[in-house]
Amino acid sequence: MPFIPEELASYLIIVEGGYKLKEGAPDNVKKMFSAWVKEVKKLESEQVIIKR
């Protein structure tokens, strides 16, 4: 589970594939969400999955 910034949490809704930004969110929150998504994708790409 990725860390969710406190300022962003109140604007997120949980959907089947992860999180979605609520409609009507301010522009600064939209930018923060976009940056957060990029960071999470980068972290996910660096993960190593070990299957047994």
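Residues numbered from 1 in each chain as written. Predicted model: local features only at pLDDT ≥ 70, side-chain atom pairs only at ≥ 80, totals over all residues. Heavy atoms only, no water.

K.L.:
Explain the overall build of the chain to me, please; I cannot follow it from the model alone.
P.N.:
When helices and strands are counted, the chain shows 2 helices and 2 strands. Scaling as 2.2 N^0.38, a compact globule of 52 residues should have a C-alpha radius of gyration of about 10 Å, whereas the chain reaches 13 Å, well beyond that. Taking the principal axes of the C-alpha coordinates as reference, the chain spans close to 45 × 20 × 15 Å. With 52 residues in all, the chain has 17% of them scored as buried. Long-range contacts, defined here as pairs at least 24 residues apart, represent 26% of the contacts in the chain between residues at least 6 apart. In the chain, which carries 9 positive and 8 negative side-chain charges, the distance between the mean positions of the two groups comes to 5 Å. (Helix = DSSP H or I, 4+ residues; strand = E, 2+ residues; numbered from the N terminus. Rg over C-alpha atoms; globule rule 2.2 N^0.38 Å. Buried < 20%, exposed > 50% of the residue type's maximum accessible area, 1.4 Å probe, protein only. Contact = heavy atoms within 4.5 Å. Lys, Arg positive; Asp, Glu negative; His and termini not counted. Charge placed at Lys NZ, Arg CZ, Asp CG, Glu CD.)

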